[in-house]
Amino acid sequence: MRMTPRFSWLPTPYRSLLLFVIWLLLNQSLALLHLFFATVLAIGIPWICYRFRDPQPLIERPGLALRYILRVFADIITANAQVAVLILGPVKKLRPAFVRIPLDLQHNLPLTILAASVSMTPGTVSADIYPSIEHLAPDEPLPQRWLLIHVLDMDNEAELIATIKSRYEAPLKEIFQC
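None of the values given here were measured: they were computed from a predicted structure.

A word on the overall build of the chain
Scanning the chain from terminus to terminus reveals 5 helices and 3 strands. Ordered by position in the sequence, the α and β elements of the chain form the string α-α-α-β-α-β-β-α. For 178 residues, the compact-globule formula gives about 16 Å, and the C-alpha radius of gyration of the chain, at 20 Å, lies well above that figure. Structurally, the chain occupies a C-alpha span of about 65 × 45 × 25 Å along its principal axes. Counting across all 178 residues of the chain, residues that qualify as buried make up 29%. The long-range fraction of contacts in the chain, counting pairs at least 24 apart against all pairs at least 6 apart in sequence, stands at 74%. Summed over its atoms, the accessible surface of the chain is roughly 11,300 Å², and 68% of this surface lies on carbon and sulfur atoms. Seen as two clouds, the 16 positive and the 14 negative side-chain charges of the chain have centres 7 Å apart.

What follows is the structure in C-alpha coordinates.
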(Lines give C-alpha, C1' and ligand atoms only; values in the text may rest on other atoms or scores of the structure.)
Protein backbone atom coordinates (compact mmCIF):
# COMPACT_ATOMS: atom_id res chain seq x y z
CA MET A 1 0.00 0.00 0.00
CA ARG A 2 1.33 3.39 -0.97
CA MET A 3 1.01 6.26 1.49
CA THR A 4 3.32 8.73 -0.20
CA PRO A 5 2.06 11.12 -2.86
CA ARG A 6 2.23 10.00 -6.47
CA PHE A 7 3.77 13.33 -7.50
CA SER A 8 5.66 15.56 -5.08
CA TRP A 9 4.19 18.70 -6.64
CA LEU A 10 0.63 17.29 -6.62
CA PRO A 11 0.23 15.24 -3.42
CA THR A 12 -3.57 14.94 -3.55
CA PRO A 13 -4.66 15.06 -7.21
CA TYR A 14 -8.39 14.54 -6.57
CA ARG A 15 -8.47 17.34 -4.03
CA SER A 16 -6.56 19.54 -6.49
CA LEU A 17 -9.08 18.80 -9.22
CA LEU A 18 -11.92 19.60 -6.84
CA LEU A 19 -10.33 22.92 -5.83
CA PHE A 20 -9.74 23.80 -9.49
CA VAL A 21 -13.37 23.12 -10.44
CA ILE A 22 -14.81 24.87 -7.37
CA TRP A 23 -12.75 28.00 -8.04
CA LEU A 24 -14.01 28.18 -11.61
CA LEU A 25 -17.61 27.51 -10.54
CA LEU A 26 -17.48 30.19 -7.86
CA ASN A 27 -16.16 32.74 -10.33
CA GLN A 28 -18.40 31.55 -13.18
CA SER A 29 -15.65 32.33 -15.63
CA LEU A 30 -13.08 30.60 -17.79
CA ALA A 31 -11.02 33.76 -18.20
CA LEU A 32 -7.26 33.27 -18.32
CA LEU A 33 -6.80 34.99 -14.94
CA HIS A 34 -9.31 32.65 -13.27
CA LEU A 35 -7.71 29.59 -14.88
CA PHE A 36 -4.33 30.78 -13.57
CA PHE A 37 -5.59 31.31 -10.00
CA ALA A 38 -7.50 28.02 -10.07
CA THR A 39 -4.29 26.23 -11.05
CA VAL A 40 -2.19 28.01 -8.42
CA LEU A 41 -4.71 27.26 -5.67
CA ALA A 42 -5.29 23.67 -6.83
CA ILE A 43 -1.59 22.95 -6.65
CA GLY A 44 -0.58 25.26 -3.79
CA ILE A 45 -3.15 24.51 -1.10
CA PRO A 46 -2.77 20.70 -1.11
CA TRP A 47 1.02 21.01 -1.42
CA ILE A 48 1.22 23.26 1.66
CA CYS A 49 -1.32 21.27 3.70
CA TYR A 50 -0.02 17.80 2.85
CA ARG A 51 2.71 17.96 5.50
CA PHE A 52 0.10 18.40 8.23
CA ARG A 53 -1.97 15.35 7.31
CA ASP A 54 -1.72 11.95 8.93
CA PRO A 55 -0.52 9.40 6.39
CA GLN A 56 -3.47 7.56 4.88
CA PRO A 57 -3.70 5.09 2.03
CA LEU A 58 -4.33 6.63 -1.37
CA ILE A 59 -7.25 5.76 -3.61
CA GLU A 60 -5.65 3.26 -5.96
CA ARG A 61 -8.77 2.41 -7.97
CA PRO A 62 -10.88 5.55 -8.60
CA GLY A 63 -13.30 3.72 -10.93
CA LEU A 64 -14.09 1.26 -8.18
CA ALA A 65 -14.49 4.18 -5.75
CA LEU A 66 -17.13 5.70 -8.02
CA ARG A 67 -18.92 2.35 -8.22
CA TYR A 68 -18.77 2.13 -4.41
CA ILE A 69 -20.38 5.58 -4.06
CA LEU A 70 -23.17 4.58 -6.44
CA ARG A 71 -23.70 1.33 -4.50
CA VAL A 72 -24.01 3.24 -1.22
CA PHE A 73 -26.52 5.67 -2.79
CA ALA A 74 -28.57 2.74 -4.10
CA ASP A 75 -28.43 1.06 -0.67
CA ILE A 76 -29.59 4.28 0.99
CA ILE A 77 -32.63 4.44 -1.29
CA THR A 78 -33.43 0.76 -0.79
CA ALA A 79 -32.98 0.96 2.98
CA ASN A 80 -35.24 4.03 3.15
CA ALA A 81 -38.04 2.01 1.57
CA GLN A 82 -37.38 -0.95 3.88
CA VAL A 83 -37.41 1.24 7.01
CA ALA A 84 -40.59 2.98 5.83
CA VAL A 85 -42.30 -0.42 5.47
CA LEU A 86 -41.05 -1.44 8.93
CA ILE A 87 -42.31 1.71 10.58
CA LEU A 88 -45.47 2.46 8.60
CA GLY A 89 -46.39 -1.06 7.56
CA PRO A 90 -48.28 -3.69 9.45
CA VAL A 91 -47.70 -3.88 13.16
CA LYS A 92 -44.47 -5.73 13.62
CA LYS A 93 -42.32 -6.06 16.65
CA LEU A 94 -38.94 -4.58 15.83
CA ARG A 95 -35.89 -6.50 16.98
CA PRO A 96 -33.17 -3.88 17.56
CA ALA A 97 -29.71 -5.19 18.27
CA PHE A 98 -26.05 -4.31 18.52
CA VAL A 99 -23.77 -6.29 16.22
CA ARG A 100 -19.98 -6.62 16.32
CA ILE A 101 -18.37 -6.89 12.90
CA PRO A 102 -14.74 -8.09 12.76
CA LEU A 103 -12.69 -5.75 10.59
CA ASP A 104 -9.92 -6.52 8.14
CA LEU A 105 -9.30 -2.81 7.48
CA GLN A 106 -6.80 -1.08 9.77
CA HIS A 107 -6.28 2.46 8.40
CA ASN A 108 -8.44 5.29 9.66
CA LEU A 109 -9.63 6.64 6.30
CA PRO A 110 -11.15 3.40 4.96
CA LEU A 111 -12.54 2.63 8.44
CA THR A 112 -14.19 6.05 8.57
CA ILE A 113 -15.70 5.55 5.12
CA LEU A 114 -16.98 2.11 6.17
CA ALA A 115 -18.55 3.48 9.37
CA ALA A 116 -20.09 6.41 7.47
CA SER A 117 -21.49 4.10 4.79
CA VAL A 118 -23.17 1.96 7.45
CA SER A 119 -24.53 5.04 9.27
CA MET A 120 -25.89 6.66 6.11
CA THR A 121 -27.94 3.57 5.35
CA PRO A 122 -31.24 3.91 7.23
CA GLY A 123 -31.87 1.22 9.81
CA THR A 124 -28.22 0.94 10.85
CA VAL A 125 -25.84 3.24 12.67
CA SER A 126 -22.17 2.85 13.55
CA ALA A 127 -21.61 3.11 17.27
CA ASP A 128 -17.87 2.46 17.72
CA ILE A 129 -14.67 1.13 16.23
CA TYR A 130 -12.65 -0.57 18.90
CA PRO A 131 -10.10 -1.02 20.26
CA SER A 132 -8.56 2.37 19.66
CA ILE A 133 -5.02 2.14 18.30
CA GLU A 134 -3.84 5.69 19.01
CA HIS A 135 -2.08 4.52 22.18
CA LEU A 136 -0.11 1.74 20.46
CA ALA A 137 3.63 2.03 19.96
CA PRO A 138 4.72 2.09 16.29
CA ASP A 139 6.31 -1.37 16.55
CA GLU A 140 3.39 -2.94 18.43
CA PRO A 141 1.22 -5.33 16.37
CA LEU A 142 -2.31 -4.17 15.57
CA PRO A 143 -5.07 -5.96 17.50
CA GLN A 144 -8.23 -7.32 15.90
CA ARG A 145 -10.56 -4.36 15.42
CA TRP A 146 -14.35 -4.38 15.48
CA LEU A 147 -17.11 -2.16 14.17
CA LEU A 148 -20.04 -1.98 16.57
CA ILE A 149 -23.29 -1.13 14.82
CA HIS A 150 -26.87 -0.76 15.96
CA VAL A 151 -29.52 -2.35 13.76
CA LEU A 152 -33.19 -1.34 13.83
CA ASP A 153 -34.49 -4.82 13.02
CA MET A 154 -32.16 -7.82 13.36
CA ASP A 155 -33.20 -10.85 11.38
CA ASN A 156 -29.98 -12.79 10.82
CA GLU A 157 -26.74 -11.53 12.40
CA ALA A 158 -24.39 -13.73 10.35
CA GLU A 159 -26.05 -12.62 7.12
CA LEU A 160 -25.80 -8.95 8.11
CA ILE A 161 -22.09 -9.31 8.93
CA ALA A 162 -21.44 -11.09 5.63
CA THR A 163 -23.36 -8.41 3.72
CA ILE A 164 -21.45 -5.50 5.28
CA LYS A 165 -18.12 -7.24 4.75
CA SER A 166 -18.86 -8.07 1.10
CA ARG A 167 -20.76 -4.92 0.03
CA TYR A 168 -18.70 -2.32 1.89
CA GLU A 169 -15.48 -3.60 3.46
CA ALA A 170 -14.21 -5.73 0.54
CA PRO A 171 -14.57 -2.93 -2.05
CA LEU A 172 -12.84 -0.49 0.32
CA LYS A 173 -9.94 -2.92 0.65
CA GLU A 174 -9.68 -2.95 -3.15
CA ILE A 175 -10.06 0.81 -3.52
CA PHE A 176 -7.27 1.53 -1.06
CA GLN A 177 -5.30 -1.68 -1.78
CA CYS A 178 -5.01 -2.50 1.92
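Considerations on the environment of P96
Assignment of secondary structure puts P96 in the loop between α3 (62-88) and β1 (97-103). Separated by 45 residues in the primary sequence, P96 and P141 place their C-alpha atoms 34 Å from one another. Discounting chain neighbours no more than four positions away, the residues touching P96 are H150, V151 and L152.

Section: the packing of α3 against helix α5 (residues 157-176)
Where α3 meets α5, the axes come as close as 10 Å, and the angle between the chain directions of the two elements is 165°. By the criterion of interaxial angle, the relationship of α3 to α5 is roughly antiparallel. Handedness of the α3/α5 crossing: left-handed. From α3, L64, A65, Y68, R71, V72 and D75 reach across to α5, where they touch S166, R167, Y168, P171, L172, E174 and I175.

Examining the domain arrangement of the chain
Domain boundaries in the chain define domain 1 (13-52) and domain 2 (93-176). The C-alpha-based centres of domain 1 and domain 2 are spaced at 35 Å.

A word on the sheet that holds β1
Each strand in a sheet pairs with its neighbour through backbone hydrogen bonds, running either in the same direction (parallel) or in the opposite one (antiparallel). Spatially, the 3 strands line up as an open sheet ordered β1-β3-β2, and their pairing is antiparallel. Pairing within the sheet leaves two strands with one partner each, and these edge strands are β1 and β2 (124-130). For this sheet, the mean inter-axis angle between neighbouring strands, taken without regard to orientation, is 25°. In this sheet, strand β3 (residues 145-151) lies alongside β1 in antiparallel orientation, the contact comprising 7 bridges. The partner of A97 across the bridge, within β3, is V151. Running at roughly 155° to β2, helix α4 (residues 108-120) makes contact with β1, β2 and β3 of the sheet. Relative to the sheet, α5 contacts β1 and β3, its axis offset from that of β1 by approximately 45°.

Here's the deal with the nonpolar core
Core analysis: the largest hydrophobic core is formed by 24 residues, its most contacted members being V99, L114, L147, I149 and I164. Listing elements by their share of this core, those giving two or more residues are α3, β1, α4, β3 and α5. The greatest single-element share of this core, amounting to 7 residues, is contributed by α5. Setting aside its immediate chain neighbours within four residues, L114 contacts Y68, L103, L105, L147, I164, Y168, E169 and L172.

The rules behind the values
- Residues numbered from 1 in each chain as written.
- Predicted model: local features only at pLDDT ≥ 70, side-chain atom pairs only at ≥ 80, totals over all residues.
- Heavy atoms only, no water.
- Helix = DSSP H or I, 4+ residues; strand = E, 2+ residues; numbered from the N terminus.
- Rg over C-alpha atoms; globule rule 2.2 N^0.38 Å.
- Buried < 20%, exposed > 50% of the residue type's maximum accessible area, 1.4 Å probe, protein only.
- Contact = heavy atoms within 4.5 Å.
- Areas by Shrake-Rupley, 256 points an atom, 1.4 Å probe, with all protein chains shown as cover.
- Lys, Arg positive; Asp, Glu negative; His and termini not counted.
- Charge placed at Lys NZ, Arg CZ, Asp CG, Glu CD.
- Axes fitted to C-alpha atoms, helices over the stretch in contact; angles between N-to-C directions.
- Parallel < 35°, antiparallel > 145°, perpendicular 65-115°, else oblique.
- Left-handed = near helix turned anticlockwise from the far one by under 90°.
- Domains from an automatic or database assignment.
- Pairing = 2+ DSSP bridges.
- Core = buried A, V, L, I, M, F, W, Y, C linked by side-chain atoms within 4.5 Å.

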